[in-house]
Each structure stands twice: as C-alpha cells, then as structure tokens.
Amino acid sequence: MTQVLLPRALDELWDFLEEDPNTAVYSGGTDLLVNLRGGRINPSRLACLERIEEIRGVRDAGAAVFIGAATTHTHLLENSLVSSEFPVLTKAIRVLASPAIRNMGTIGGNIVNASPAGDTLPPLYALDAEVEIVSRKEAKRMPVSDFIVGPGRVRLGANEIVKGVWIRKAPEFNVRHFEKVGLRKSQACAVASLAAALSLSEGGKIERARLAWGSVGPTVVRSAEVEEALLGRELEIQMLAEVARLVERAVSPIDDVRASAQYRRIVAGRLLLRLAESGCKN
Amino acid sequence: MGEVRRHKRHSEGALHIGASTPRADAYAKVTGAEKFAADYYSSDMVWAGVKRGAAPHGVIKGIFTDEACKAPGVIAVLTHRDIRGSNRQGVVRKDQPVLADKKVRHCGDAVALVLAEDRETLLRALDLIRLDLEALPGVFDVEEALKDGAPLVHEDNAGGNTLLEAHIQTGDGLTAFERCDEVIEGRFETPWQEHAYLETEVGWAQQQNDGKVVIVASTQTPFRDRAEVAEAIGLDLEQVRVIAPYTGGAFGGKDGITVQTLLALAALHSNGRPVKMWWEREESFIAGTKRHPTRLYYRLGAKGDGVLHALAARLYFDTGPYDHLGGVVMTLALEHAGGAYRIPHALLDAWCVYTNNPIGGAFRAFGVTQVTAAMEQMMDMLAARLDMDPLELRLKNALTRGEKTCVGVTLTGSTGLVECLERVERHPLRTERYAWKAAAGPFKRRGVGIAALMHAAGYGTVVPDYANAKIELTPEGKIRIYCGVVDMGQGNASANAQIAGSILNQNMDSMELVLPDTDRTLPSGSASASRCTYTFGNALIGAAEILKNRILQKAADLLMAPSTDDLTLAPGKVVNRATGAQIPLSRLGRLMAESERTAISHFRAPVAKDRLDVTDELRLHGLGHAVISYGAHLAAVEVDEITGAVEVVSYLSATDCGRALNPQIYEQQIHGGICQGLGFALFEDFRVEQGTVKSPDLATYIIPTAPDTPNMESLPVELHEPTGPFGLKGVGEIATNGPAPAVANALADACGIRMFRLPMTPERVLLALRGRETR
Amino acid sequence: MKIDFRLNGAAIQVDCAADRRVIDLLREDLGLTGAKESCGAGECGSCAILVDGEGKLSCLMLAAQLEGREITTVEGLASEGRLHPLQEAFVEKGAVQCGFCTPGAVMASLDLLRRNPNPARAEIREGLAGNLCRCTGYQKIIDAVEAASKIMQRRERP
Ligand SMILES: Cc1cc2nc3c(=O)[nH]c(=O)nc-3n(C[C@H](O)[C@H](O)[C@H](O)COP(=O)(O)OP(=O)(O)OC[C@H]3O[C@@H](n4cnc5c(N)ncnc54)[C@H](O)[C@@H]3O)c2cc1C
Ligand code: FES
Ligand code: FES
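Here's a quick rundown of the structure.

Thresholds, definitions, all that
Residues numbered from 1 in each chain as written. Chains lettered and ligands numbered in written order. Predicted model: local features only at pLDDT ≥ 70, side-chain atom pairs only at ≥ 80, totals over all residues. Heavy atoms only, no water. Helix = DSSP H or I, 4+ residues; strand = E, 2+ residues; numbered from the N terminus. Rg over C-alpha atoms; globule rule 2.2 N^0.38 Å. Buried < 20%, exposed > 50% of the residue type's maximum accessible area, 1.4 Å probe, protein only. Lys, Arg positive; Asp, Glu negative; His and termini not counted. Charge placed at Lys NZ, Arg CZ, Asp CG, Glu CD. Contact = heavy atoms within 4.5 Å. Buried area = accessible area lost by both parts, 1.4 Å probe. Salt bridge = Lys/Arg side-chain N within 4 Å of Asp/Glu carboxyl O. Polar contact = N/O pair within 3.5 Å; in protein donor to acceptor, adjacent residues only side chain to side chain. Nonpolar A, V, L, I, M, F, W, Y, C, P; charged D, E, K, R; others polar. Axes fitted to C-alpha atoms, helices over the stretch in contact; angles between N-to-C directions. Parallel < 35°, antiparallel > 145°, perpendicular 65-115°, else oblique. Left-handed = near helix turned anticlockwise from the far one by under 90°.

1. Concerning the overall build of chain B
Of the regular secondary structure elements, chain B holds 20 helices and 34 strands. The globule rule puts the C-alpha radius of gyration for 775 residues at 28 Å, and the 27 Å found for chain B is close to it. Projected onto the principal axes, the alpha-carbon positions of chain B cover approximately 85 × 75 × 55 Å. Among the 775 residues that make up chain B, the fraction classed as buried is 68%. Between the centroid of the 81 positive side chains of chain B and the centroid of its 95 negative side chains there is a distance of 2 Å.

Next comes the structure, spelled out in structure tokens:
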C-alpha cells in the first residue's frame with residue numbers, strides 16, 4: 001500500500017517531501033496514475049496537490065497573468081481572463097482529452113509531464129510563458145522552453161514543484177490559431193499540432209509571428225527561420241506553401257504507432273496553410 | 001444468481017408488434033442495478049488470473065511456479081499438468097489448449113493459472129512465474145504461411161498451415177473473362193478489428209458441495225460453453241452449469257470460450273470458494289479474438305453495357321494459431337464474395353490460414369464485412385471505367401427473388417436489394433449531392449458514395465439452427481419467458497417479451513425474463529449470425545400460442561363458458577366478451593398445474609435447398625443460406641486536404657429487414673453496425689508486428705467517439721419474410737458491412753483516390769493525395 | 001485509513017487503503033457496481049462519477065482524495081423509485097443497448113447539462129467525447145440528452 005497525503009498548504013507539502021524524498025506529487029493524476037498502473041513508476045508515497053489553494057486559480061497581475069499549476073483544464077476553459085487574453089491556449093484546451101479528463105487534469109501536470117503531445121505546450125511556447133518553480137527556500141522562473149528538456153524530462157530539482165506559469169499579455173497579436181491533428185476528432189493524442197500567434201498590419205502584412213509545433217520533435221518546436229520568413233508577407237496560400245517547406249526541415253519527428261515521421265513532417269508544414277483562412281477574414 | 005428479470009414502469013396498454021416499446025432491460029441498466037457478469041462479487045472470493053507466454057512461437061521447456069506458489073496470499077498455481085480433461089477447446093476444430101502444454105503459438109497463449117486472495121497478490125504472483133521458452137521462427141503472413149518450408153503452427157495438421165481451403169467454380173469460371181469488354185482488378189487488405197466491447201472478458205465461478213461447477217460468464221454461447229468446458233477439464237456435462245447474464249457487449253468476441261474453462265478449472269482448486277476472473281483491457285486485446293485480417297484479390301468482368309459477366313477472387317484469411325470460428329467465417333465470406341449480383345461465371349478460391357498472429361474469430365458480420373469492402377469498391381471502379389452511375393450499375397445487376405448468387409445459392413426468401421437501392425436513389429442526400437459537393441469550404445473536398453449489401457442469417461445447411469422456447473404462466477399471474485439465446489445488448493430479450501406479450505395481450509409489467517442458464521432454459525444455439533430473434537422468436541410464437549390456448553381453455557372451464565370462442569386475453573386477466581365475466585391470470589396461474597401452465601416449442605430454421613457442387617466440409621462450415629437481409633448505404637464525406645482526415649458528414653441506410661418488430665430496436669442495431677463499420681473504415685487499425693501487438697489499449701487502438709459519428713438515417717424497407725416471426729429477418733450484422741465501401745467510394749468521388757487498404761487513416765489519405773498530385 | 005465523505009446524499013466513513021482506487025472502493029467494498037471499469041486508464045468514461053458535482057473518473061482517483069467530498073454515483077440519481085429525467089430519457093429514446101457504458105454516459109451528461117443546460121447536438125457530442133460506446137453509434141444517446149435537457153429546463157423554470 002502506498003500512502004497518499006493531502007497537504008492543504010505548501011508548507012505542509014515541504015514537510016512531506018523532506019520526510020521522504022521518494023514522495024511523488026500529483027494533481028489530477030491523469031498521467032501519474034496511468035503510469036502507476038502501467039508499472040512505469042514506483043514512488044513510495046504520493047502527495048496530491050489538488051487542495052493547495054496557493055497553486056490554484058488564475059490571477060491577473062497587470063502585464064501578465066499567473067495560472068496556478070493545480071488549475072484544472074476545465075477551470076481554464078471557463079475562465080474569461082484566459083479566453084480573452086490567450087485564446088490560443090483556450091483553443092488548445094478545448095480539444096485536450098475529454099471533459100472528465102479536463103475536470104481532473106491540470107496545466108501543471110501537462111507541463112511537468114512534458115509529453116511532446118501535451119496540448120497546452122505549443123500555446124505556452126508560442127506565448128513565451130515562464131514556469132515558476134518553488135521549493136521551501138526559493139522561487140524562480142524560467143522560460144517553459146528551458147524548463148522542458150526532453151520527452152518527460154524537466155528541470156525540476158528534489159523538493160521543488162511547479163507553482164504555476166506566467167504569461168505576458170500580448171494584445172498586439174490579432175491572429176491566434178491552434179490546430180491539432182489526431183487520429184480522431186476528440187480524445188485524440190496529437191500526431192502534430194500548431195499554435196500560432198501573429199500580428200497582422202492594417203494592410204494584412206505579418207508584423208510579428210510566433211509559431212510552435214507539438215508532436216514533431218522531442219519537445220515543442222519553434223523555428224526562428226520560419227518566423228522570420230513570415231515577416232512582412234501576407235497570409236496567402238502560395239507564400240504559406242513555400243514556408244511549409246522550411247517547416248518540414250525545422251521539425252524532427254519520429255515514427256510511432258500513431259503516425260510515421262514522414263506524415264508528421266508533411267502535416268506540420270501543411271498546417272500553416274490553414275492560416276490563409278485567417279488572412280482572408282482579416 | 002440466475003434471478004428473474006422483472007420490469008418496472010411502462011404499464012400502458014398491452015405489448016404489440018411494430019411498436020417502439022422501450023426495452024425491458026433499459027430501466028435496470030440506467031439505474032446501475034443490472035448485474036452483469038462483471039458485477040458478481042462475493043465475500044471470500046478468490047481472484048484468478050493468467051500468465052501468458054508473451055512470445056509468438058516457442059517450445060515450452062519449463063514453467064517455474066515455485067516462487068509464485070510460495071508467495072503469501074497465493075492459493076494455487078496451475079499448469080496444463082493440473083488438467084484432467086482434453087485440455088483442448090474450440091468451436092469447430094478443438095485445437096486450442098486451455099493452458100499451453102508443448103508450445104506457445106501466439107503472444108496471448110495462456111500458460112499458467114494463478115488463484116490469489118486479491119488482485120494485487122495475483123499480479124505479483126504472475127510476475128514471479130518464470131517460463132523457459134525456446135523461440136521458434138514464426139509465421140506472420142498468410143501467403144508466406146502457405147509456402148513450402150514455412151514454419152508450422154501445428155505440426156500435426158494434415159494441411160500444413162492451411163486450416164481450410166475452398167474452391168468454387170460456377171458457369172465457365174475463368175474462361176468467361178475472355179468474353180468481357182471490361183475487366184477490373186484490385187488487391188485489398190483489411191486489418192484485424194478488435195471488438196472493444198466495454199465489458200472485457202469476465203466471469204465468476206464456484207464449485208458447489210455436490211461437485212457441480214456454476215459459471216456466470218459474459219458469453220454468447222452458454223450451452224456450447226458447457227460442453228466445451230466439461231470436455232476440456234474432464235467433467236461430466238451435468239457437472240457444469242453456465243449462466244449468461246446480459247453481456248456488456250460481445251459482437252462475436254464472446255462467441256466461444258474466453259474465461260469459462262479457466263474459471264471452472266480454478267473453481268476446482270479453490271476449496272469451494274467463489275472465483276472471479278476479469279481480463280484487463282490490455283489482456284483482452286492480446287488474448288481475445290479479432291475480426292480476421294484478409295488479403296483479397298479481385299477480378300471483375302462485365303459487358304460494355306455494364307452487365308456483370310465474370311468474377312474471380314482469391315481470399316486469404318489469417319486465423320492466427322487457432323480455428324476458433326475461422327473456417328466458418330471464411331465460408332460465409334466466400335458465399336458473399338460476389339455480393340447480391342447476377343454473375344453467371346465465377347471462380348472463387350479461399351484459404352483460412354494458421355499463423356502466429358492474434359486469434360481471428362467471429363466479429364459481427366463474420367467475414368462478409370471484408371469481402372463487401374472489396375466487392376463494393378470493385379463495383380465503383382467498374383462504374384468509373386464504364387462511365388456509368390454507380391447506383392445504376394448496381395440496379396442493373398441486382399439479384400431478385402428466385403435468382404442465384406454467383407456461388408449458386410437460390411434466393412428463395414424476400415429479396416429487397418432493388419427496393420433498398422431505390423430508397424437511396426430518391427433520398428435528398430443523393431438527389432442533391434452535386435450542390436452539396438460544390439459547397440465545400442476551403443481545403444475541403446466532398447464526395448458521396450454508396451454500397452449495396454446482403455447478409456445471410458443462421459448456421460447454413462448442415463449444422464442445425466434451432467431454438468427451444470419455454471414460457472410459463474406463473475402462479476402470480478405473470479408471463480415468464482425462458483430465454484434460450486443470450487442478449488448481448490441487441491435487445492432480443494425485450495423482443496421476446498414483445499412477441500409473447502403481443503400474442504398473450506399482456507403489458508410489459510406482466511412479463512418476466514429468465515436469461516439463459518443451462519439449468520433453467522432450453523438449448524437454443526448461439527447469440528450470433530443474425531439469428532437470435534428470428535430463430536428463438538419463431539419458437540417462442542409456438543410456445544406462446546400453446547400457452548394462450550391452455551389459458552383460455554382453463555378460463556372457459558372456470559367461467560363455465562361452452563367454448564373459448566368468447567374468451568379473450570386482456571392485461572392481467574381473461575375476459576368473457578359475451579358475459580363480461582373476468583378471471584385474473586393470477587388465479588389461473590394458481591389453479592393450473594405446472595405442466596399445464598408451461599409450454600415449450602421447437603423451431604428449426606429453413607436451409608438453402610440448392611445442391612451445390614462443393615465439398616461436404618464446406619457445407620459443414622455453413623455454405624448455403626436461406627434467409628438473407630439486404631441493404632443500401634450512402635456516405636457523404638468531407639476530406640480535409642491539409643491533414644487527410646475524412647469526416648463522414650451524413651450517413652444513410654435502407655435495410656430490407658422483413659418486419660421491424662420494434663422500430664427502436666431495429667434502429668439501434670443499424671446505428672451500432674454503422675458505427676462499428678465506420679470504425680473499421682476510418683480508425684481501427686489493430687497493429688501487430690511479428691506477432692506482437694503494437695496497439696495494446698484504447699489509447700492506441702482508436703474507435704469512434706461521439707463527435708466522430710455522423711447523423712445516421714436508417715430507413716426500414718419492410719418486405720415480409722414468410723418464414724420469419726411476424727415476417728422479421730435478422731439485422732444484427734448487415735449494417736456493419738456498408739461503411740467501408742461506401743466511405744471508400746465517397747472518398748474516390750471526392751478526390752479521385754482509391755484506398756485498397758483499410759483503415760483510411762489521415763496519413764494514408766494524405767499520402768495518396770500527394771501521390772496523385774505528383775503523378 | 002479512515003475516510004469521511006458523503007455518498008449519494010448520506011455521510012459515510014470507510015476504512016480502506018489510502019491508495020485504493022475509488023472504482024474498487026465503490027464496486028468491491030461498497031457494492032455499488034453501477035460505475036463500470038472498461039479500461040482503468042481514463043480512456044472510456046464508463047467509471048464516471050460526480051465529485052462535488054463535477055464529472056470525474058473513478059479509475060483515476062485514489063480513496064484518500066474522497067475526504068470531505070460529495071460523491072454521486074448512478075445509483076444515487078433515482079429518488080423514491082422515480083428515475084432522474086436524464087435516465088428516463090435514456091430509457092425512452094433507446095439510448096441503452098448493452099448498457100455497460102450507460103452509467104458513465106449518464107454521469108457525463110449530468111456534468112455537461114450542469115455547465116450548459118441547453119446544449120446543441122454538436123455540444124452534446126463533445127460533452128460525451130470521453131464516453132466510449134460500442135453499441136449505439138451514439139445517436140440515441142445524443143437524442144436522450146437533448147430531450148432531457150428540454151425537460152430539465154422546463155422543470156427548472158417556475
Ligand atoms: C485518456 C487520457 C487522454 C488524455 N488526452 C490528452 C490530450 O489530448 N492532450 C494532452 O495534452 N494530454 C492528455 N492527457 C494527459 C493528461 O491528462 C494531461 O497531461 C494533464 O494535463 C495532466 O495533468 P494532471 O494534473 O492530471 O497530472 P498528474 O498526473 O497529476 O501529474 C503529471 C506529472 O506531473 C507531475 N506534477 C503534477 N503537478 C506538478 C507540480 N505542480 N509540480 C511538479 N510536478 C507536478 C507529477 O508528478 C507527474 O509526474 C490524457 C490523459 C488521459 C488519461
Ligand atoms: S475505466 Fe475509467 S475511464 Fe475507463
Ligand atoms: S450500450 Fe453497449 S457500450 Fe454503450
């Protein structure tokens with residue numbers, strides 16, 4: 001039998017973590033308990049974070065927004081600050097798993113799980129989000145792209161947890177797009193995904209571009225080359241098809257049971273074409 | 001255990017045929033009260049589980065169980081050495097060990113059985129068992145398996161790796177192609193399809209003090225199971241009782257033994273304690289049967305005006321290491337290989353082949369799904385070549401009553417293919433298709449495709465397809481039906497209540513159902529082959545009529561009526577129309593002797609009368625059916641050019657179902673079949689590499705969810721079937737056959753690509769689209 | 001470990017391993033076999049229950065997490081032999097075939113209707129995206145939820 005702890009405050013959590021360093025934390029358990037069942041992990045104790053108020057909820061901090069790690073996806077979907085400031089994140093969460101999993105799973109769990117297919121990650125990369133890491137002694141922040149180092153691998157020390165993410169408001173982006181390609185319409189693991197935040201000028205020229213792809217590399221892929229290639233151009237199909245070629249070179253997908261590397265590579269590029277629709281509307 | 005199912009609510013009038021009466025089982029299921037096999041627990045219960053070989057092919061050198069035996073909480077660890085019977089099971093050919101003895105032949109083969117106090121202990125003990133397997137080269141491809149020198153799955157099988165082969169020639173066979181103006185060829189591949197019922201294989205068993213073993217299992221075949229269990233582990237038939245509650249889905253995957261024998265064996269070693277076994281999803285995927293994967297070579301020849309002239313087909317079925325129902329599945333596929341068309345000349349060859357892959361078995365529509373996927377694409381390819389409308393081509397060649405199929409079976413029953421096609425032809429989804437297609441949005445292409453279907457019901461010519469219905473007026477005045485055929489979710493138990501209720505003029509509150517139980521109900525065959533309501537319903541009509549006469553006679557005696565002429569049954573009573581006198585059924589029930597208030601009737605289904613020029617073996621495997629349903633399907637799809645994803649936007653089906661006894665249940669069957677067919681067409685790709693399952697769970701084996709499923713319209717074409725109960729024909733399977741070809745044809749219509757391999761995943765579609773662009 | 005919570009309206013205390021899965025606690029220890037297990041891994045939705053009114057998967061929750069919560073299982077919906085309107089609609093509309101997915105689908109529908117009392121058909125489909133059904137093709141389940149939403153709204157309004 002594994003002990004299950006229910007700390008109600010971070011201070012209580014630190015005590016637990018120091019008592020036994022092999023204590024694993026979890027929030028929704030939608031990754032951790034699946035891994036436990038599959039025998040892939042073997043912690044001596046579990047600490048559930050779902051009742052620690054300090055790491056739950058969404059806070060408006062002026063220029064940025066703080067999202068507590070233990071905030072559920074459903075909570076984020078229903079949060080108007082998130083949907084007005086970061087529609088690309090809302091769009092991603094809308095197609096993440098299923099309603100029940102969204103009621104349980106959290107953004108912190110999605111980040112720390114660090115799956116290349118984690119659906120909140122491409123938006124968080126595209127939004128240049130920062131992860132706040134806390135321990136009893138200190139709190140620090142680092143870009144999500146530094147925090148995640150590989151599939152399932154993050155920069156998290158012993159007795160540290162993720163407190164939440166900070167996302168700077170970026171009203172200058174007027175095209176916010178997310179698309180996930182899976183093997184079915186819902187409850188599908190991403191085979192490839194694209195999050196995009198663009199600012200288009202009055203005349204329809206791209207002034208800023210941030211794009212991030214999921215499931216086409218060990219971590220989310222951003223490409224300076226691709227983003228630069230878009231600047232000053234208009235969102236039309238011919239141009240996007242050209243840039244798609246660059247995307248195919250920028251990504252490094254693998255074959256797995258869901259799709260071949262070849263398909264992921266092609267689709268990663270082709271997903272850009274959908275932006276032409278936003279171009280038309282603008 | 002084996003309780004009687006009673007039904008609350010719906011006290012409105014008497015049941016009648018043709019009404020969409022809500023199902024009798026729905027109330028208990030929607031409140032969580034219904035007890036499935038999975039829901040049997042008891043205090044003092046033992047958990048049993050299986051150690052599997054986990055290698056596709058190997059000689060068993062040793063099975064080391066000492067450590068597991070010694071683990072605290074372990075009650076027993078059993079191997080083939082603990083089995084007193086034949087240690088073999090199988091429906092047709094008994095080639096599957098209960099616990100592997102000499103070899104393992106696929107990754108799911110059971111090698112040892114563990115009994116433990118709880119599930120955690122069980123899992124730990126299974127890990128402690130060590131197997132010494134000497135790996136053998138495996139065989140994983142049907143055509144490779146037939147070559148000389150291929151590794152043999154069963155060294156003692158006379159046919160090598162051939163389980164069953166068949167060759168049928170009609171007319172002039174191949175030479176007829178010389179007289180064709182157009183000849184189309186295609187090579188098709190269809191994958192395994194996993195049943196993915198929500199209730200995985202599960203059961204509960206206990207040995208009683210008198211030695212009898214009682215098994216409650218999620219099964220389609222309690223009577224056949226009893227015989228198989230008894231023989232395999234060395235018990236007398238009378239020492240085994242199988243009880244079959246409603247299953248949580250079966251679709252053919254529980255047509256035969258899953259947990260039953262293992263459970264009975266465990267019950268012999270648990271000191272009288274009840275035993276439960278419940279396969280986890282991953283275990284169900286590895287050890288359970290699947291729809292046979294096939295490779296199908298087709299050649300279809302026609303005259304310039306579109307009249308079909310010749311068909312040649314070579315069909316390969318991968319049955320894995322065991323027959324299960326492989327030979328029978330292949331034979332039914334063979335019978336349907338040319339569809340419901342007039343084709344005077346044919347040469348059909350088929351092989352059902354042993355490999356070291358997962359076990360192929362029964363799956364809703366039993367091989368017909370695979371050949372229909374091929375044949376109905378051939379028809380569209382031919383239509384394209386002839387520049388003909390695909391629906392017109394089908395109408396031109398559609399069989400009508402009295403004509404022969406290309407294997408020589410005469411269609412003697414109601415034959416409604418033409419009517420089904422005409423219903424589709426007139427529907428707005430077809431008549432307005434050009435406008436709909438033209439309205440596709442950016443990066444979308446739209447297409448509309450059709451498929452014509454036939455599906456035969458029952459066991460075929462040799463194996464008797466019969467049912468024995470028993471019905472009782474209880475002393476409480478209720479009508480109790482002893483259901484001989486399992487209700488695996490398709491609603492036949494409710495249909496039984498509706499049939500008997502309508503004859504006896506009773507409402508649902510008066511009906512009681514005893515679900516199949518080898519001690520209480522009568523043998524009536526399997527819940528399969530679209531036969532459940534057809535065969536049992538016919539028997540039940542007989543029994544209900546007998547009971548009705550007895551009730552009226554008794555009432556006449558008691559009411560001192562000169563005859564039964566003025567008497568009539570009404571809900572809960574008998575009424576004398578002439579005098580107004582009444583007598584409650586409860587009173588009659590008390591006054592009638594048990595033998596009087598119980599009636600039994602037997603029905604045996606008709607078989608095809610044709611004298612086909614085929615082997616006895618093929619006849620034994622079922623060739624030649626008499627009762628056939630027909631259908632026409634239409635799929636309207638939208639293809640995304642960016643991702644290759646195919647969305648089915650609308651789906652239409654017209655089905656010649658004979659009479660729909662309960663239109664709601666009819667629709668349920670059609671919807672369910674279409675959805676499974678769409679899964680087969682678009683998503684379901686059970687992946688196996690070198691005998692190892694690569695899609696071991698529901699995260700990797702993709703079945704349709706609610707948003708993936710289109711709105712479905714299911715038109716009944718009610719052509720009376722003279723041999724059916726109230727004119728009914730079975731429709732449990734037919735709908736499964738339509739989606740793969742209809743969607744493939746729609747995809748071709750949308751963007752000019754044809755998929756010869758299922759499922760049509762976004763990846764395959766996108767790559768095909770790119771291939772076409774570069775060509 | 002002793003755990004206090006409310007189950008289908010009544011206070012209850014259980015004494016079980018803290019890491020016992022809630023599905024096992026319900027089915028094996030408390031005899032509530034309405035919630036089903038079909039995958040144990042969050043993929044199928046047949047184990048769904050309500051926790052403080054929200055739909056959650058009992059195969060991915062540990063007993064300790066129940067402390068202080070209000071749990072509703074499918075057994076807790078009908079009162080005095082009267083079905084909940086949603087259950088009623090499932091029966092009437094033919095949304096039940098084998099019925100193994102039914103309890104989970106009913107619980108997921110309750111979660112949906114609480115958040116969105118008047119969902120469009122496409123929204124109902126999305127709301128049930130985590131509930132696999134192998135029998136119905138979903139259409140009659142959608143019909144049932146749509147019908148129930150109308151009835152429930154009428155009852156809400158005075
Ligand atoms: C059926 C199913 C479908 C799914 N579909 C999707 C999908 O479509 N898209 C998708 O992105 N994901 C999907 N997931 C994965 C999962 O639901 C998400 O990753 C979810 O966000 C995880 O959150 P959680 O709170 O449940 O994580 P948990 O399981 O609680 O934790 C996950 C990991 O993060 C660690 N952790 C959690 N919180 C913290 C913290 N605050 N600080 C430090 N470490 C922490 C845990 O130790 C664990 O290693 C699916 C899962 C299932 C079971
Ligand atoms: S059993 Fe919980 S989601 Fe499948
Ligand atoms: S009714 Fe059988 S799984 Fe839904």
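2. With respect to the interface of chain A and chain C
Counting residues at the interface gives 27 residues for chain A, matched by 27 residues for chain C. Around 2200 Å² of area is buried between chain A and chain C when both sides are counted, 55% of it from carbon and sulfur atoms. Inspection of the chain A/chain C interface yields 2 salt bridges. With a shortest N-O distance of 2.9 Å, A:Glu78 and C:Arg115 are connected by a salt bridge. Scanning the region where chain A abuts chain C turns up 12 residue pairs in polar contact (both at pLDDT 80 or more). Those elements that provide at least two residues to the side of chain A that touches chain C are helix 2 (32-37), strand 3 (45-48) and helix 6 (99-104) of chain A. Looking at which element gives the most residues to the side of chain A that touches chain C, the answer is helix 6 of chain A, with 5 residues. Broken down by class, the residue content of the side of chain A that touches chain C amounts to 12 nonpolar, 10 polar and 5 charged.

3. Details of the packing of helix 14 (residues 492-504) of chain B against helix 15 (residues 532-559) of chain B
Residues and elements named next belong to chain B. In the contact formed by helix 14 and helix 15, the axes pass within 9 Å of each other and the chain directions differ by 30 degrees. Taken together, helix 14 and helix 15 sit at an angle that is classed as roughly parallel. The chirality of how helix 14 crosses helix 15 is right-handed. Contacts between helix 14 and helix 15 involve Asn-492, Ala-495, Asn-496, Ile-499, Ala-500, Ile-503 and Leu-504 on the former and, on the latter, Cys-532, Thr-533, Phe-536, Gly-537, Leu-540, Ile-541, Ala-544, Glu-545, Leu-547, Lys-548 and Ile-551. In the contact of helix 14 with helix 15, the residues fall into 12 nonpolar, 4 polar and 2 charged.

4. Considering the interface of chain B and chain C
Contact with chain B, which involves 56 residues of that partner, is made by 48 residues of chain C. Both faces combined, the contact of chain B with chain C buries some 4100 Å², and carbon together with sulfur accounts for 55% of it. Of all residues in chain B, the largest losses of buried area upon contact with chain C belong to B:Val30, B:Leu198 and B:Ala706, amounting jointly to 17% of the total for that side. Joining chain B to chain C, the criterion identifies 6 salt bridges. A salt bridge links B:Arg119 to C:Asp24; the shortest N-O distance between them is 2.9 Å. Across the contact surface, chain B and chain C share 27 residue pairs in polar contact (both at pLDDT 80 or more). If you list the elements that add at least two residues to the side of chain B that touches chain C, you get helix 1 (26-30), strand 12 (193-194), helix 18 (663-683) and strand 34 (711-717) of chain B. The greatest single-element share of the side of chain B that touches chain C, amounting to 8 residues, is contributed by helix 18 of chain B.

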